[in-house]
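Each chain, letter by letter, is given below.
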Amino acid sequence: MITIFHNPACGTSRNTLAMIRNAGVEPEVIEYLKTPPTKARLQELVAAMGITVRALLREKGAPYAELDLVNEKWTDDELLDFMLAHPLLINRPIVVTPLGTRLCRPSELVLDILPDAQRGAFTKEDGEVVINEKGQRV
C-alpha cells in the first residue's frame, strides 16, 4: 500500500503521483488540504521521515510570512498546531510506502521508496526527462 499526501494544484505533487502510477500502482491519495492529517499523524510522518517539524513547513507564500514562522521562538508543538490550522503550511508531497516515508521534493525522490520499477518513460510537466524509454532513471 502506498499513500500520497497530495495537492492537485502543485506540479511537484502531480509529478510524484504520476511516477507512482508509472510504477503500476494506484496509491491512496489524500488531498490534505481537504482532509488534513491529525496532529498525531503529522508527528508520525515527521518521525518516519527523520526530519524536524520545521523542515516540514512550507515557507513559500502565505501564511508562513504573515504568521512570522521564520521566528525560532515557535516550538514543534506550536508549529504543528499552525499546520493543522493552515494545512497549506504542510510541505508536500509526502509519500508513504513499505520502503519508507519521504517528503518528495524534488518529485523524483519518490523513486527511492517505490517497491516497483517504472514501467516506461516519464517526463515531468516541465519537460525534464526522469525515466528513459527502458524504464531507467536518467
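Here, every reference points to the structure presented above.
Anyway, here's the lowdown on the structure attached to this text. The numbering scheme is per chain: residues are counted from 1 as the chain's sequence reads. The model is predicted, so local features are restricted to residues of pLDDT at least 70 and side-chain atom pairs to those at 80 or more, both for listing and for counting; the totals for chains, interfaces and linings are taken over all residues. Each side-chain value is worked out from all heavy atoms of the structure, with water and hydrogens disregarded.

### Comments concerning the pattern of salt bridges
Let me state the cut-off plainly: By definition here, a salt bridge exists when the distance from a side-chain nitrogen of Lys or Arg to a carboxyl oxygen of Asp or Glu is within 4 Å. Counting from the N terminus, the helices are the DSSP runs of H or I reaching at least four residues and the strands are the DSSP runs of E reaching at least two. The cut-offs for exposure are 20% and 50% of the maximum accessible area for each residue type, with area from a 1.4 Å probe on protein chains only; residues under the lower value are buried, those over the upper are exposed, and the others partly exposed.
Enumeration over the complete set of coordinates arrives at 11 salt bridges. Close ionic contact of Glu 26 with Arg 21 constitutes a salt bridge, the shortest N to O distance being 2.9 Å. Notably, a salt bridge pairs Arg 54 with Glu 72, separated by 3.8 Å at the nearest N-O pair. Here Glu 72 lies in the loop between helix H2 (39-49) and helix H3 (76-85) and Arg 54 lies in the loop between H2 and H3, a separation of 18 residues in the sequence. With a relative accessible area of 19%, Arg 54 lands in the buried category. A network of salt bridges, in which partner residues are shared, links Lys 39, Asp 77 and Asp 81.

### Some remarks on the pairing of strand S2 (residues 28-31)
Our working definition: Strand pairing is assigned whenever DSSP identifies at least 2 bridges connecting the two strands. Place the viewer so that the strands point away; then a crossover is right-handed whenever the path from the first strand over the helix to the second strand goes clockwise.
Sheet analysis places strand S1 (residues 3-6) next to S2, joined by four bridges and oriented parallel. Its bridge partner lying in S2, Thr 3 is registered against Glu 28. Handedness of the crossover is the feature at issue here: the chain leaves S1, passes through helix H1 (residues 11-22), returns alongside S2, and the resulting connection is right-handed.

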